[in-house]
Amino acid sequence: MDTRRITGQTKIMLLMADPVSHVVGTEAITAFMRAAGHDFVCVPVHVGARDLATAIQALRGFRNCVGSGVTIPHKIPVVPLLDELTPRARMIGSVNYVRRDADGKLTGDNVDGSGFVRGAMEAGIQPAGLRVLLLGAGGAGRSLAFALAEAGVAELVVSNRDHAKAVALVETVSAAYPGASVRTGEADATGFDMVVNATSLGMIGKDDGDPVDFATLSADMIVADIVMKPERTRLLQAAEAMGCRLLFGRQMMDGQLALARAFLGL
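Worth saying up front: this structure is predicted, and the values here are computed from it rather than measured. (Residues numbered from 1 in each chain as written. Predicted model: local features only at pLDDT ≥ 70, side-chain atom pairs only at ≥ 80, totals over all residues. Heavy atoms only, no water.)

### Thoughts on the overall build of the protein chain
Counting its regular elements, the protein chain contains eight helices and twelve strands. What you see for the protein chain is a C-alpha radius of gyration of 18 Å, in line with the 18 Å of a compact globule of 266 residues. Residues classed as buried in the protein chain amount to 52% of the 266 residues present. Excluding contacts between residues fewer than 6 apart, the proportion of contacts in the protein chain whose partners are at least 24 apart in sequence is 70%. Working note: accessible area of the protein chain is about 11,600 Å², and carbon and sulfur atoms make up 52% of it. (Helix = DSSP H or I, 4+ residues; strand = E, 2+ residues; numbered from the N terminus. Rg over C-alpha atoms; globule rule 2.2 N^0.38 Å. Buried < 20%, exposed > 50% of the residue type's maximum accessible area, 1.4 Å probe, protein only. Contact = heavy atoms within 4.5 Å. Areas by Shrake-Rupley, 256 points an atom, 1.4 Å probe, with all protein chains shown as cover.)

Printed below as a string of structure tokens:
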């Protein structure tokens, strides 16, 4: 197959975001699916919040689309616009992949958290038994919280600028995993084994601060950032200077691609 060609036979996947300039995952998704033998392309689409419902409705009629990826800020608002959710997405309350069936039915799943845990384990990091500070309780943060609890972390502390969202997330994760130690806390990394940034802070174009006080990092920590552009965010640069072990946004992306392929039916 000539991977440079895009024809009427090509399976198309959209990736809806706002803004869209930071999106780099489309290239990784396309390369992964083509390596698996599919005539496939993933295309970034700039969809504003006011147009999300219209875009989702339009997706139903795009017969050569297998579905769409969904990223900031649409992972939670897209949920009520879909026909069905996987049990995982229903529990998490956010979606990062939408599958379009032949009849136009749209089903949502969220493999952010599962992809993060898988990417970490492929890098030789076992989340089980770690004390983890999770920064962010939005669409991605919700998915990571459930996946980390399922992976058996010793303690999960959720910090979010909107404290009420952190409280709500802790309550739902605790209900799903009664044996897990989950609580809210401040954006202070002191004493943790792993720090995970699941916010958009540090993304290109975001100049509204850092997700944690870098002075609280220490060399014995694992520091992860799910932001993909830039590859080395301010957080990861600071962590690297401290001697921390790093996990990059691309590793989470790589971890979720096989899960996404299965969900999309490819």
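### Comments concerning the side chain of Thr-107
If you trace the backbone, Thr-107 turns up in strand 6 (residues 106–109). Dropping the residues within four chain positions of it, Thr-107 is found in contact with Leu-82, Glu-84, Leu-85, Thr-86, Tyr-97, Val-98, Arg-99, Asp-101 and Phe-263.

### Focus on the packing of aromatic side chains
Here the structure, examined in full by the defined rule, presents zero aromatic pairs. Lying across the ring of Phe-192, Arg-131 places its NZ or CZ 4.6 Å from the centre. (Phe/Tyr/Trp six-rings, centres within 6.5 Å; stacked < 30°, edge-to-face > 60°. Lys NZ or Arg CZ within 6 Å of the ring centre and 35° of its normal.)

### Comments concerning the sheet that holds strand 9 (residues 182–184)
Spatial strand order, 9-8-7-10-11-12: six strands in an open sheet with parallel pairing. Taken across any chain shown, the strands that pair with only one partner, and hence form the sheet edges, are strand 9 and strand 12 (245–247). Between one strand and the next, the sheet's axes are offset by a mean angle of 20°, whatever the strand orientation. Where strand 7 (residues 131–135) and strand 8 (residues 155–159) come together, five bridges link them in parallel fashion. When the sheet's bridge partners are listed, Leu-134 is paired in strand 8 with Val-158. Here helix 6 (residues 163–176) sits on the sheet in contact with strand 8 and strand 9, set at roughly 170° to strand 9. (Pairing = 2+ DSSP bridges. Axes fitted to C-alpha atoms, helices over the stretch in contact; angles between N-to-C directions.)

### A closer look at the pattern of salt bridges
Applying the stated rule across the entire model yields eleven salt bridges. Across the salt bridge formed by Lys-75 and Asp-112, the nearest N and O atoms sit 2.5 Å from each other. Of this pair, Lys-75 sits in the loop between strand 3 (65–70) and strand 4 (84–85) while Asp-112 sits in helix 4 (residues 112–122), and the two are 37 residues apart along the sequence. For Lys-75, a relative accessible area of 10% puts it in the buried group. For Asp-112, a relative accessible area of 3% translates into the label buried. (Salt bridge = Lys/Arg side-chain N within 4 Å of Asp/Glu carboxyl O.)

### Examining the packing of helix 4 against helix 8 (residues 249–264)
Where helix 4 contacts helix 8, the two axes come as close as 7 Å, and the packing angle between them is 115°. Taken together, the axes of helix 4 and helix 8 are roughly perpendicular relative to one another. Our pair here, helix 4 against helix 8, has a crossing hand that is right-handed. Contact residues: helix 4 offers Asp-112, Ser-114, Gly-115, Phe-116, Arg-118 and Gly-119, while helix 8 offers Gln-251, Met-252, Gly-255, Gln-256, Ala-258 and Leu-259. Here the residues of the contact of helix 4 with helix 8 sort into four nonpolar, six polar and two charged. (Parallel < 35°, antiparallel > 145°, perpendicular 65-115°, else oblique. Left-handed = near helix turned anticlockwise from the far one by under 90°. Nonpolar A, V, L, I, M, F, W, Y, C, P; charged D, E, K, R; others polar.)

These figures capture arrangement, not role.
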